[in-house]
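Letter by letter, the chains look like this.
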Amino acid sequence: MELRQPSSAEEAVGLLGNGHVALAGGTEIVPLLRDGLLRADALIDIRRAVPRGIHGTTIGAGTTLAELEVDPGIPVVLREACRLAASPQLRAMGSIGGNLLQATRCWYWRLDFPCYLHGGDRCHAKDGRHDEHAIFGNDVCASAHPSDVAAALLALGTMLRTTARELPLAELYRLPTTDDPQTTTLADDELILELEVPIPEASVYLKAMDRQRWSFPIVGVAAARTAGEVRLGLAGVAPVPWTLTSVDDLDRATPLPGTAYKLPIARALVARALRAVATG
Amino acid sequence: MTINGVPREADVWPGESLLFALRERLGLPGSKNACEQGECGSCSILMDGTLVCACLVLAAQADGHDLVTVEGLGENGSLHPVQEAFVEAGAVQCGFCTPGLVVAVADLLRRDPTPSDDAIREALSGNLCRCTGYAKIFDAVRIAATRA
Ligand SMILES: Cc1cc2nc3c(=O)[nH]c(=O)nc-3n(C[C@H](O)[C@H](O)[C@H](O)COP(=O)(O)OP(=O)(O)OC[C@H]3O[C@@H](n4cnc5c(N)ncnc54)[C@H](O)[C@@H]3O)c2cc1C
Ligand code: SF4
Ligand code: FES
Ligand code: FES
């Protein structure tokens with residue numbers, strides 16, 4: 001295996017694909033490599049190829065969560081989602097682009113059980129322990145997407161610019177199916193370059209965790225009111241970051257025996273978040 | 001790269017972590033290897049002045065950067081004030097979390113010499129200790145803050 005350090009996005013795209021994997025802060029990739037969950041012939045360090053920093057409403061995909069959480073120009077919902085994510089050490093290294101593309105924290109997957117997401121033919125979590133898992137979109141894989149940041153960006157109506165296209169954040173994700181375990185629509189040789197984040201009139205992020213800091217979301221609820229319209233983004237409830245159009249959407253949840261407790265939490269947080277962005 | 005003020009070189013496998021390179025190739029076992037997943041903070045070091053988990057940094061990506069490990073905190077063979085405070089407060093039991101905490105506290109006090117309890121809690125939230133229950137660690141931070 002080798003490490004390459006291209007200095008432009010074009011050069012990076014030329015190197016990616018065919019077992020050549022993009023590396024930003026490495027907080028996800030380094031442990032996955034060591035645990036054998038990711039095999040790569042080459043690592044492409046994209047930190048010189050992808051923009052980093054905040055310019056008005058445009059955020060470079062290489063910007064770290066630590067940089068975002070303290071920037072007064074960033075909407076509250078996104079600042080809070082960053083501040084409540086992971087630990088100071090991780091936020092100092094982890095980029096927002098990498099955060100959107102983080103792999104599932106499902107223990108069966110992390111322990112290399114041959115489940116759907118590893119190309120197998122069943123979901124071990126549904127048959128086994130699944131307290132941390134999904135209440136929506138869990139037909140095939142029942143994992144719960146851990147990104148607080150993606151929930152906030154969904155609520156804000158974020159657009160992404162990649163090396164190949166522009167797309168709403170929601171279109172970056174897809175639910176895995178029995179014959180295609182991908183959870184994103186990003187091509188192997190496509191890089192996220194920038195995020196375009198509208199400024200809302202009001203926004204909030206509420207995160208239920210099993211301790212006050214330093215834990216993945218049990219349920220994370222982001223709400224933002226932009227041009228009079230309120231949007232909701234949820235973390236920890238489905239295999240991908242999840243959008244709700246109203247509190248009534250919660251009636252369509254499909255909780256598992258082990259995840260039923262998440263539904264009342266989601267209901268309470270959504271109600272509270274909607275109140276918080278209704279005024280002010 | 002520069003480690004604790006000294007230029008160092010190491011031959012590494014491109015996939016290995018900085019923590020592995022420090023401990024196994026560079027003779028610096030002070031940074032502890034516990035979870036290797038970024039969850040416990042016992043491998044915390046400073047990279048260009050920023051607190052990071054060495055287990056999550058690719059060794060090859062540290063090339064050209066300035067690193068400070070727990071071994072590099074004290075000067076001229078004496079302990080760093082934070083290390084002395086940990087000893088005095090009895091904030092060490094098994095000691096596994098200690099090197100990472102010491103680096104994290106030294107980093108906190110450099111940025112904020114008189115941290116509030118909330119600031120201490122926030123700064124140390126990525127460092128887990130299974131033994132002490134954190135009260136003694138807080139005492140150590142307060143002792144160190146009076147001296148730094
Ligand atoms: C222990 C732990 C706890 C965490 N807790 C939380 C939490 O509570 N909430 C939360 O939201 N997150 C959490 N995270 C996730 C953390 O925020 C991410 O690991 C981090 O942001 C990833 O960024 P990185 O730059 O290190 O990515 P890398 O590890 O470098 O890359 C991650 C993935 O993204 C790809 N990639 C990176 N950048 C780009 C790009 N610009 N274009 C295309 N592909 C790209 C890589 O190929 C790789 O597949 C946690 C992570 C860990 C390890
Ligand atoms: S929840 Fe998803 S990742 Fe976990 S075992 Fe089931 S299919 Fe695999
Ligand atoms: S060993 Fe690096 S965080 Fe635990
Ligand atoms: S003293 Fe044992 S883990 Fe902290």
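Here the structure is a predicted model, which means the values were calculated and not measured. (Residues numbered from 1 in each chain as written. Chains lettered and ligands numbered in written order. Predicted model: local features only at pLDDT ≥ 70, side-chain atom pairs only at ≥ 80, totals over all residues.)

### Observations concerning the overall build of chain A
Keep this limit in mind: Each helix is a run of DSSP H or I of at least 4 residues and each strand a run of E of at least 2, with the numbering of both proceeding from the N terminus. Our radius of gyration looks at C-alpha atoms and nothing else; its globule reference is 2.2 Å times the residue count to the power 0.38. Partly exposed residues are those whose C-beta has more than 12 but fewer than 20 other C-beta atoms within 10 Å; with 20 or more the residue is buried, with 12 or fewer it is exposed, and the C-beta atoms are placed from the backbone. Note that contacts rest on C-beta atoms placed from the backbone: two residues are in contact if these are within 7 Å.
For chain A, the helix and strand inventory stands at 10 helices and 12 strands. Computed over C-alpha atoms, the radius of gyration of chain A comes to 18 Å, within 12% of the 19 Å expected from 2.2 N^0.38 for 280 residues, which places it in the range of a compact globule. With respect to the principal axes defined by its C-alpha atoms, chain A has extents near 50 × 45 × 30 Å. By the burial criterion, 51% of the 280 residues in chain A qualify as buried. Partitioning the contacts of chain A with sequence separation of at least 6, the portion at a separation of at least 24 is 67%.

### A look at the interface of chain A and chain B
The cut-off we apply is this: When residues are grouped by polarity, Ala, Val, Leu, Ile, Met, Phe, Trp, Tyr, Cys and Pro land in nonpolar, Asp, Glu, Lys and Arg in charged, and all others, Gly among them, in polar.
Contacts between chain A and chain B engage 20 residues on the former and 20 residues on the latter. Secondary structure elements with two or more residues in the side of chain A that touches chain B: β1 (2–4), α2 (29–34), β3 (42–45) and α5 (88–93) of chain A. Across the side of chain A that touches chain B, the residue classes tally to 12 nonpolar, 4 polar and 4 charged.

### Re the site of ligand 1
Here is the rule: Residues are counted as near a molecule or strand when the C-beta atom, derived from backbone positions, lies within 6 Å of that molecule or strand.
Near ligand 1 you find 34 residues, and of these A:Gly25, A:Glu28, A:Gly94, A:Gly97 and A:Gly98 are the closest. Residue neighbours of ligand 1 fall on chains A and B, so the site bridges chains. For the shell around ligand 1, the secondary-structure elements that each account for two or more residues are β2 (20–23), α5, α6 (96–100) and α9 (148–155) of chain A.

### Describing helix α1 (residues 18–25) of chain B
Every α-helical turn comprises 3.6 residues, leaving residues that sit three or four positions apart pointing alike. Taken residue by residue, α1(B) has B:Leu18, B:Leu19, B:Phe20, B:Ala21 and B:Leu22 as its buried positions. Looking one or two residues past α1(B), B:Gly27 carries a phi angle of roughly 65°, positive in sign.

### Side note on the domain arrangement of chain A
All names here are of chain A. Applicable threshold: Domain start and end points were adopted from an automatic or database domain assignment.
Domain boundaries in chain A define domain 1 (1–49) and domain 2 (51–278). A straight line from the C-alpha centre of domain 1 to that of domain 2 covers 23 Å. Ranked by residues supplied to the side of domain 1 that touches domain 2, first place goes to helix α1 (residues 9–15) with 3 residues.

### Quick look at the domain arrangement of chain B
All names here are of chain B. Examined at the domain level, chain B breaks down into domain 1 (2–72) and domain 2 (81–147). Domain 1 and domain 2 are separated by 20 Å when their C-alpha centres are compared. Taken together, the contacts link 13 residues of domain 1 with 11 residues of domain 2.

### Observations regarding the confidence of the model for chain B
Selection rule: Residue-level confidence of the predictor is what pLDDT reports, using numbers from 0 through 100.
A residue-level look at chain B finds 99% of positions with pLDDT of 70 or above and a mean pLDDT of 94. The ipTM assigned to the predicted complex is 0.92, against a pTM of 0.95.

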